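Observations on the model geometry
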Amino acid sequence: MGRIASKFGGTSVADANQFRKIRDIVTADPRRRVIVPSAPGKRHKEDPKVTDLLYLCHEMAVAKTGFVTPFNQLRDRFLEIEKDLGVDAGMAAELATFHREVEAGATRDFVASRGEYFSGRLMAAFLGAVFIDPADYVVMDAAGNVQPQSYAALGNAMADETKLYVMPGFYGRDLHGKVKTFSRGGSDISGAIAARAVMAEMYENWTDVSGLLMADPRIVQNPCHMDQVTYREIRELSYMGASVFHDEAILPVREAKIPITIKNTNRPLDPGTVIVPKFTESKYKIAGIAGKKHFSMINLEKSLMNKEVGFVHNVLGVLAMHGISFEHCPTSIDSMSVIVDDKQMEEKGELVMEEIRRAVNPDKIELLGDLALIAVVGEELVATVGMAALVFDSLRDAGVNIRVINQGASEMNIIIGVKEDDYEKAVRALYAAFVKL
Ligand code: ASP
């Protein structure tokens, strides 16, 4: 029997009641043998996240102001969960030790990691599971890249398929053996590492939504959930601003072709979204729509530009000299455009224009700001007749002027540039055209 690795996010472990839901989920499917919890998150809107309280403790300890308030808050939180669950996970002693460690100058990463550590201790006691400390197995370099030997080490530690294991998320150790955390939201990465280490048949990511949405719910009212989406589509969508789960969490499972399911701890029977290695079928022509504001576009025109060796190279060379990376670069026979993120350009706009002028002597050059980019993403998109026409027609009907259109080389997205003011209108029009046919 293959195993399932299940990661539970902050709201899924926010209180004892949530822990009970997890127990029910775990017992509902005997393949769920590897559990990766986050630190307790918000129980309601104003509630602090444990990880934020931990960072505060560390900051206050460094500033030598004492850290009573945040410490008491998080201590009460863990003691309450332990009491409510009726287990003995040794929390009082663990917390007292932790207090001394912070006072003695524990590192920021170590302090932050304790949210997951305590949560994992509680979960292991509650489920009667073996506790696995990721600091013993998951090794990262300074940039946070997981060292490949971590998988085998962790796989060995969790080799017994009959046992239930709990491994806290968010941290491991650095090359010198010190506790090191991933970036925020990094328990997603830990879950993916655990799934890969045991070669799970599925990586479940339990959260508080019933899957990924096809568009931003702040713009489109009640967007549909994606039922199935490929790794590639997810990468494109998250790159274009869709808030899916942690970017880097895809890589460990993608390499091992392990599918990911996004599920809702509060509604476990909802199907959720499955992220799969290879496209099979989909109800809609697209996976989703995502977009971002605040781009600028450099437009260049020069007759016979296509015959001039090194033209594009020289233009992009100027950007490279200023450390500016570009997002898209659509070209035609006598013109090219380069789209860059406003944050990259900052104050350098005029200077960059002047240098490009000198480098390639164009017939015309202009810099247009106020640009929003929208990506319509779907593996089937480019192979299907009439998709670009649908983009044009829907935006024309909505009265939106298209300033750029570019088909990604990955052949699964169409990028549309519109004025920032038209952004929401355009997203709604495209959603209506592609999803609500
Ligand atoms: N607890 C960490 C955070 O708040 C990691 C996570 O929850 O994924 O960022």
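Owing to the predicted nature of the structure, the values given are computational and were not obtained by experimental measurement.

1. Some remarks on the site of the ligand
Around the ligand, the neighbouring residues are Ser-38, Lys-49, Thr-51, Glu-116, Phe-170, Arg-184, Gly-185, Gly-186 and Ser-187. In this structure, Lys-49 approaches the ligand through a side-chain N or O atom, which is 3.4 Å from an oxygen atom. With the chains in place, 93% of the 260 Å² that the ligand exposes on its own is no longer accessible. Its residues placed into classes, the shell around the ligand shows one nonpolar, five polar and three charged.

2. Thoughts on unusual backbone geometry
For Asn-222, which is not glycine, the phi torsion reads 45° and is therefore positive. For Asn-222, the position within the fold is in the loop between strand S7 (202–207) and strand S8 (228–230).

3. Focus: the sheet that holds strand S2 (residues 32–37)
A sheet is described by the order of its strands in space; here eight strands give the open sequence S3-S4-S2-S1-S7-S9-S10-S8, paired in mixed fashion. Edge positions in the open sheet fall to strand S3 (130–131) and S8, since each of these has one partner strand only. Of the strand pairs in this sheet, S8 and strand S10 (residues 273–276) are connected by three bridges, and their pairing is parallel. Opposite Val-229, over in S10, you have Ile-275 as the bridge partner.

4. A word on the environment of Phe-392
Relative to the assigned elements, Phe-392 resides in helix H13 (residues 387–397). Each C-alpha atom of the pair Phe-392 and Ile-402 lies 8.0 Å from the other, and the pair is ten residues apart in sequence. If sequence neighbours within four positions are ignored, Phe-392 has contacts with Ile-402 and Ile-405.

5. Focus: the packing of helix H1 (residues 16–28) against helix H5 (residues 108–127)
Packing of H1 against H5 brings their axes to within 11 Å, and their N-to-C directions diverge by 55°. When the axes of H1 and H5 are compared, the pair comes out oblique. Along this stretch, H1 crosses H5, giving a crossing that reads as right-handed. Taking contact as the criterion, the partners of Phe-19, Arg-20, Ile-22, Arg-23 and Val-26 in H1 are, on H5, Ser-119, Leu-122, Met-123, Phe-126 and Leu-127. Across the contact of H1 with H5, the residue classes break down as seven nonpolar, one polar and two charged.

6. Concerning the packing of aromatic side chains
For the structure shown, the criterion picks out seven aromatic pairs. For the ring pair Phe-71 and Phe-98, a centre distance of 6.3 Å and an interplane angle of 25° mean the geometry is stacked. Here Phe-98 lies in helix H4 (residues 91–103) and Phe-71 lies in helix H3 (residues 68–85), a separation of 27 residues in the sequence. For Phe-71, a relative accessible area of 6% gives the class buried. Between the aromatic rings of Tyr-117 and Phe-131, the centroid separation amounts to 5.6 Å while the plane-to-plane angle is 90°, which identifies the pairing as edge-to-face. Note that Tyr-117 is positioned in helix H5 and Phe-131 in strand S3, a separation of 14 residues in sequence. Side by side, Tyr-117 and Phe-131 carry an identical accessibility label, which is buried. Three or more aromatic residues link up through ring pairs in this structure, and these residues are Phe-67, Phe-71, Phe-78, Phe-98, Tyr-117, Phe-118 and Phe-131.

Rules behind the numbers
- Residues numbered from 1 in each chain as written.
- Predicted model: local features only at pLDDT ≥ 70, side-chain atom pairs only at ≥ 80, totals over all residues.
- Heavy atoms only, no water.
- Near = heavy atom within 4 Å.
- Polar contact = N/O pair within 3.5 Å; in protein donor to acceptor, adjacent residues only side chain to side chain.
- Areas by Shrake-Rupley, 256 points an atom, 1.4 Å probe, with all protein chains shown as cover.
- Nonpolar A, V, L, I, M, F, W, Y, C, P; charged D, E, K, R; others polar.
- Helix = DSSP H or I, 4+ residues; strand = E, 2+ residues; numbered from the N terminus.
- Pairing = 2+ DSSP bridges.
- Contact = heavy atoms within 4.5 Å.
- Axes fitted to C-alpha atoms, helices over the stretch in contact; angles between N-to-C directions.
- Parallel < 35°, antiparallel > 145°, perpendicular 65-115°, else oblique.
- Left-handed = near helix turned anticlockwise from the far one by under 90°.
- Phe/Tyr/Trp six-rings, centres within 6.5 Å; stacked < 30°, edge-to-face > 60°.
- Buried < 20%, exposed > 50% of the residue type's maximum accessible area, 1.4 Å probe, protein only.

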